[in-house]
Amino acid sequence: MSKKTILLLSIIFVGLIIWGFRVYSVNAGVAKTYEIQSFKIGDTIKLDHAELKVIDFQYGEENNKNGDKSLPVKVAMEVMNTSNKDISVQRLIETKLAYGIDYYQTMEGEFEAEQLKKLSPNTTTQITLIYYVDPKYNDKSAKLYFDQSLYKKQVIDQYHHGKRYGIAVDL
């Protein structure tokens, strides 16, 4: 081999080592596994500054509006501020209802938006969300996934242990 070939291969080899080290260092702190902690209806779920309980889950009667069929699903929750200051739990209305990989979100239901933005200490409020799902999911099991901003401390703690963390309720 000529000196030019050896020099070129050496430069490429050093470049690959530098690139490999960079890829490793960028990905070293990334969470590698997922953990979804599952609860059941009636279980108390500890959030950062509140406690949450899903108290009811019901399927309604199938709707047929303009040829679009849907099935209303009602989820009732109770949230209590356990801190000594006003908190916002408005992200609860962004809760996802999932059937496998299909998920639904809603802004419909019975709740006081202003109270959710500023829930007073030791105050409990009820939230009822109504989702409109595909009728094929009638009487099927579902999961309710909550926004991670409601339990940031737990998410960050698990992240430092190499895990991505979530909370769900089996319905």
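Residues numbered from 1 in each chain as written. Predicted model: local features only at pLDDT ≥ 70, side-chain atom pairs only at ≥ 80, totals over all residues. Heavy atoms only, no water.

Quick look at the side chain of S83 now. The residue S83 is located in the loop between β5 (68-81) and β6 (96-99) in this model. Judged by relative accessible area, S83 falls into the buried class, the value being 12%. One polar contact links S83 to N81, side chain to side chain, over a distance of 2.7 Å. Within the local environment of S83, its side chain forms a polar contact with the backbone oxygen of K85, the two atoms lying 2.9 Å apart. (Helix = DSSP H or I, 4+ residues; strand = E, 2+ residues; numbered from the N terminus. Buried < 20%, exposed > 50% of the residue type's maximum accessible area, 1.4 Å probe, protein only. Polar contact = N/O pair within 3.5 Å; in protein donor to acceptor, adjacent residues only side chain to side chain.)

It is worth spelling out the confidence of the model for the protein chain at this point. On average, the protein chain scores 86 in pLDDT, and the residues at 70 or more come to 98%. The spread of mean pLDDT over the elements of the protein chain runs between strand β4 (residues 63-65), the lowest at 78, and strand β10 (residues 143-145), the highest at 92. (pLDDT = per-residue confidence, 0-100.)

Here we come to the sheet that holds strand β7 (residues 102-104). Taken in spatial order, the five strands make up an open sheet running β1-β11-β10-β6-β7, and their pairing is mixed. Bordering the open sheet on either side are β1 (33-40) and β7, each of which pairs with just one other strand. Across the sheet, the mean angle separating the axes of adjacent strands is 35° when strand polarity is ignored. Where β6 lies against β7, three bridges are found, and the strand directions are antiparallel. If you follow L97 over to β7, its bridge partner there is Y104. (Pairing = 2+ DSSP bridges. Axes fitted to C-alpha atoms, helices over the stretch in contact; angles between N-to-C directions.)

Counting residues in hydrophobic clusters, the biggest one holds 36 residues, and the most contacted among them are M77, L97, Y99, Y131, V133, L144 and F146. Mapped onto this core, the elements with two or more residues apiece are β3 (50-59), β5, β6, β9 (124-133) and β11 (163-170). Broken down by element, the residue count for this core peaks at five residues, all from β5. Residues contacting M77, with those up to four places away along its chain left out, are L52, K53, V54, I55, L92, T95, T125, Q126, I127, L129, L144 and F146. (Core = buried A, V, L, I, M, F, W, Y, C linked by side-chain atoms within 4.5 Å. Contact = heavy atoms within 4.5 Å.)

Here we take up the pattern of salt bridges. Following the criterion strictly, the structure yields six salt bridges and no others. In this structure, D86 engages K118 in a salt bridge whose closest nitrogen and oxygen atoms are separated by 4.0 Å. Note that D86 is positioned in the loop between β5 and β6 and K118 in the loop between α2 (113-117) and β9, a separation of 32 residues in sequence. Look at D86 and you get partly exposed, because its relative accessible area is 39%. (Salt bridge = Lys/Arg side-chain N within 4 Å of Asp/Glu carboxyl O.)

On to the layout of surface pockets. What the largest pocket holds in volume is close to 400 Å³. If you go around the largest pocket, you meet 21 residues; those closest to its centre are I36, K96, Y145, F146 and Q148. Grouping the amino acids of the lining of the largest pocket by side-chain chemistry returns 12 nonpolar, four polar and five charged. The computed volume of the second largest pocket comes to approximately 150 Å³. Residue lining of the second largest pocket: L47, D48, H49, A50, I87, S88, V89, S149, L150 and K152, and that is the complete set. Looking at the lining of the second largest pocket, its residues break down into five nonpolar, three polar and two charged. (1 Å grid on protein atoms, 1.4 Å probe; cavity = no way out; pocket = protein on both sides within 12 Å on 5 of 7 lines; lining within 4 Å. Points joined across faces, edges and corners; volume = space filled by probe spheres on them. Nonpolar A, V, L, I, M, F, W, Y, C, P; charged D, E, K, R; others polar.)

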